[in-house]
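# Chain and residue survey
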Amino acid sequence: MLKVIFPGQLQLGLTQAVAAAIIAFAVVLLARRRQIHLESEAAIAMGRGLVQIVAVGSVLVLLLRGPRWTASILLAVMILAAGATSAKRAKGIPSAFRVSTYSIACGAGSVIAVMTWLGVIDTAISALIPVGSMLIANAMNTNGLALNRFRSDVLAHVGEIETALALGADPKQSVSPYVQASLEASLIPAIDSLRSLGIVWIPGLMAGMLLSGARPVYAAIYQFVVLTMIFAASGLTSLVSTLLVRAQAFTSAEQLSLRPGVSANLAG
Amino acid sequence: MDFLGVPEPQSPNILVADHLGRSVNGVTLVNDITVQVRTGEVLAVVGPSGSGKSSFLRLLNRLDEPTSGTVFLEGIDYRQLPPRELRRKVGMVTQRAFMFPGSVAQNLSFGPQQRGETLSDARAEKLLTRVGLPGYGPRDAVNLSGGEAQRVSLARALANSPVILLLDEPTSALDDEAKSGVESLIRDIIHQSFLTCVVVTHDVSQATRMANRVMLLESGRATRVGSVEEVLHA
């Protein structure tokens, strides 16, 4: 229907964005009726998302004409932005930005580097940036989930952790059940995506490849490749972030610093 | 001799809190406390709610970091000791007993395992008998009653063979029946084995029953330290 009213591509795109935003806000209003207030967060997230993606689209137009090394700069900027976004999900965790950025750089960055070197990801900017951004975005989500789960589990089990410490336990061991639970929980989306691939959903990348004339079987296999890379990047990110955050939860004197109402910088 | 018939300890100080203090975000929780605990002595820390009793106790095994002063354990500044060794020597029983998943016997062996040691079945059973729970080793620790869990918690702390035991309101989370049982058990154990203890309690009568000496805390500061008579019945 919109295509008939708005024949111009830009006008059509903006109208489609408005339609999608309306349906998203309908959900927000439904949540509000249940006393769950997502209004401001959803509005800000959508506004930011639209501005950011349009900005990236514009930059991509320029980059596609530039040298290939510029892709690595853009990917590095994406990792920093992902680290900052993810850190906001880990309030109260000391050095959350550093932990998030290192983890995403390690997880997504290393998978992008290896897969590009192997030729699985094309070095053309038009391929490297979209695929790389998918890995980074998923690594960011995984990292956020891992940190958030770790923080809430630790805060809910301060008594158990400090009992273990008081009995002479290694801090690593005192939080190991919560590290494991965080790791497992953070990987659920990536595992479910792989598990339901082709049955529950056909991802956008495959649809795009089909539209651009790729052979359907190759498009399908490449989609599997991308999701497997996402799983690898997410898994590595989560492994690194849970290791790093575990160290942040304790002081050098093996005291639990991640406790309600305790300032981490007090401990020695 | 005190009224319990236990000789008043004359041994050297095993633990000394030296101008110990802790502030968090500008709020003083423990304010310049200096107190000595002699070997075999039971020191009760009493005071109103929020007076810093538990905060003081947490400084003694370094679960929290002092912002001023220090603690000497057996004459050594405890900052020179590895935290795990310190906490093995300074055992702690908290207000609420947190059981680890697994059997009671596995809970008892948790401390020794941290040092790569094994707690023999015989020693575990001896500890359980000592806390009035013979034969409880195979039971699921998570399904114990509050009183039973607190007894296991005590046995678990004793399994580390501590030189001093910290008790943080050990009976306040229990019902009346369990409370008197656990308190008399603790009294028996500490007096029979001449174990040095620092016990935090808001219950003055409990302090009277358990302690040789009492320290009264008010707003994080030790306002009186002395015998039970001097501090509580003056």
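Residues numbered from 1 in each chain as written. Chains lettered and ligands numbered in written order. Predicted model: local features only at pLDDT ≥ 70, side-chain atom pairs only at ≥ 80, totals over all residues.

## So, the overall build of chain A
This is how the line gets drawn: By the criteria applied, helices consist of DSSP H or I runs no shorter than four residues and strands consist of E runs no shorter than two, each listed in order from the N terminus. For the exposure call, what matters is how many other C-beta atoms sit within 10 Å of a residue's own: 20 or more marks it buried, 12 or fewer exposed, and in between partly exposed, using C-beta atoms placed from the backbone. The contact rule is simple: place each C-beta atom from the backbone, and if two of them lie within 7 Å, those residues are in contact.
Helix and strand content of chain A: 12 helices and zero strands. In terms of principal-axis extent, the alpha carbons of chain A reach across some 70 × 50 × 35 Å. When each of the 268 residues of chain A is scored for burial, the buried share is 35%. Sequence separation of at least 24 residues holds for 69% of the intrachain contacts in chain A that already meet a minimum separation of 6.

## Structural notes on the environment of S126(A)
Within the element layout of this structure, S126(A) appears in helix 6 (residues 125–156). A tally of 12 C-beta atoms within 10 Å means that S126(A) is categorised as exposed.

## Thoughts on the domain arrangement of chain A
Accessible area lost on assembly of the parts is the figure often given for the size of an interface. We count it as follows: Domain boundaries shown here were taken from an automatic or database domain assignment.
One can read the domain layout of chain A as domain 1 (1–63) and domain 2 (68–266). When each unit is reduced to the centre of its C-alpha atoms, the spacing between domain 1 of chain A and domain 2 of chain A is 26 Å.

## Let's talk about the interface of chain B and chain A
In plain terms, the rule: Amino acids are sorted into nonpolar (Ala, Val, Leu, Ile, Met, Phe, Trp, Tyr, Cys and Pro), charged (Asp, Glu, Lys and Arg) and polar (every other residue, Gly among them).
With 22 residues of chain B at the contact, the number on the chain A side is 19 residues. Where the side of chain B that touches chain A is concerned, the elements lending two or more residues are helix 2 (83–89) and helix 4 (110–114) of chain B. The element that contributes the greatest number of residues to the side of chain B that touches chain A is helix 2 of chain B, accounting for four residues. The class makeup of the residues in the side of chain B that touches chain A is six nonpolar, seven polar and nine charged.

## Some details on the packing of helix 5 (residues 96–118) of chain A against helix 12 (residues 216–248) of chain A
In helix packing, the relevant descriptors are the interaxial angle and the interaxial distance, both defined with respect to the helix axes. Residues and elements named next belong to chain A. For the record, the criterion: Orientation is described by lines fitted to C-alpha atoms, with helices fitted over the stretch in contact, and by angles between N-to-C directions that extend from 0 to 180 degrees. Should an angle fall under 35 degrees it is taken as roughly parallel, and over 145 as roughly antiparallel, whereas 65 to 115 is taken as roughly perpendicular and any remaining angle as oblique. What makes a crossing left-handed is the near helix being turned counterclockwise from the far one by less than a right angle; a clockwise turn instead makes it right-handed.
In contact at an axis separation of 8 Å, helix 5 and helix 12 are set at 150° when each is read in the N-to-C sense. Taken together, the axes of helix 5 and helix 12 lie roughly antiparallel to each other. Helix-helix and strand crossings are classified by hand; for helix 5 and helix 12 the assignment is right-handed. Within the contact between the two elements, helix 5 uses V99, S100, Y102, S103, I104, C106, G107, A108, S110, V111 and M115 and helix 12 uses M229, A232, A233, S234, L236, T237, V240, S241, L244, V245 and Q248. The residue inventory of the contact of helix 5 with helix 12, partitioned by class, reads 14 nonpolar, eight polar and no charged.

## Considerations on the sheet that holds strand 1 (residues 13–24) of chain B
All names here are of chain B. Rules: Here a strand pair is declared whenever DSSP counts at least two bridges between the two strands.
Strand order in the open sheet formed by four strands is 2-1-4-5, with antiparallel pairing between adjacent strands. The open sheet is flanked by strand 2 (27–38) and strand 5 (76–77), the only strands paired with a single partner. Here eight bridges tie strand 1 to strand 2, and the two strands are oriented antiparallel to one another. In the sheet register, N13 faces strand 2, and the bridge partner there is R38.

## Quick notes on helix 4 (residues 70–87) of chain A
All names here are of chain A. Where we set the bar: The span you would expect from a helix comes to 1.5 Å times its residue count less one. Regarding the arc, it is the one traced by the directions from the helix axis to the C-beta atoms.
The first and last C-alpha atoms of helix 4 sit 26 Å apart over 18 residues, in line with the 26 Å expected at 1.5 Å per residue. Looking only at helix 4, the buried set comprises A71, L75, M78, I79, A82, G83, S86 and A87. Angularly, the buried residues of helix 4 cover 160° about the axis, an arc narrow enough to put them on a single face. Summarising the geometry of helix 4, the exposed residues directed more than 90 degrees from the buried face are I73 and V77.

## Points about the pairing of strand 8 (residues 196–200) of chain B
Residue and element names in this part refer to chain B. What counts here: A right-handed crossover is one whose linking path, passing over the helix from the first strand to the second, runs clockwise when the strands point away from the viewer.
Most of strand 8 is tucked away: five of the five residues are buried. Residues of strand 8 alternate between two faces, with T196, V198 and V200 on one and C197 and V199 on the opposite face, all of them buried. Alignment of strand 3 (residues 42–46) against strand 8, held across four bridges, turns out to be parallel. Residue pairing for strand 8: A44 is matched across the bridge by V199. Viewed along the sheet, the connection from strand 7 (residues 164–168) through helix 7 (residues 176–192) into strand 8 turns out right-handed.

## Comments concerning unusual backbone geometry
Residue and element names in this part refer to chain B. Within the chain, S161 stands out as a residue other than glycine whose phi angle is a positive 50°. Residue classification places S161 among the exposed residues on the basis of 11 C-beta atoms within 10 Å. Despite not being glycine, F194 shows a phi value in the positive range, around 55°. As for its placement among the helices and strands, F194 is situated in the loop between helix 7 and strand 8. The exposure class assigned to F194 is partly exposed, which follows from the 13 C-beta atoms found within 10 Å.

## So, the confidence of the model for chain B
Low pLDDT marks regions whose predicted coordinates should not be analysed in detail. Residue and element names in this part refer to chain B. Put simply, the test is: A score between 0 and 100, pLDDT records how confident the predictor is in each residue.
When pLDDT is averaged across chain B, the result is 89; 95% of the residues are at 70 or more. Note on residues 1–9: pLDDT under 50 across the span, and 12 contacts to partners over four residues away in sequence or across chains. For this predicted complex, the interface confidence score (ipTM) comes to 0.90, while the overall pTM stands at 0.80.

## Remarks on the packing of helix 6 (residues 146–158) of chain B against helix 7 of chain B
All names here are of chain B. Interaxial distance between helix 6 and helix 7 falls to 9 Å at its minimum, and their mutual angle equals 15°. With respect to helix 7, the element helix 6 is oriented roughly parallel. Considering only the axes of helix 6 and helix 7, their crossing is right-handed. Contacts between helix 6 and helix 7 involve G146, G147, Q150, R151 and L154 from the former and A178, G181, V182, L185 and I186 from the latter. In terms of residue class, the contact of helix 6 with helix 7 is built from five nonpolar, four polar and one charged.

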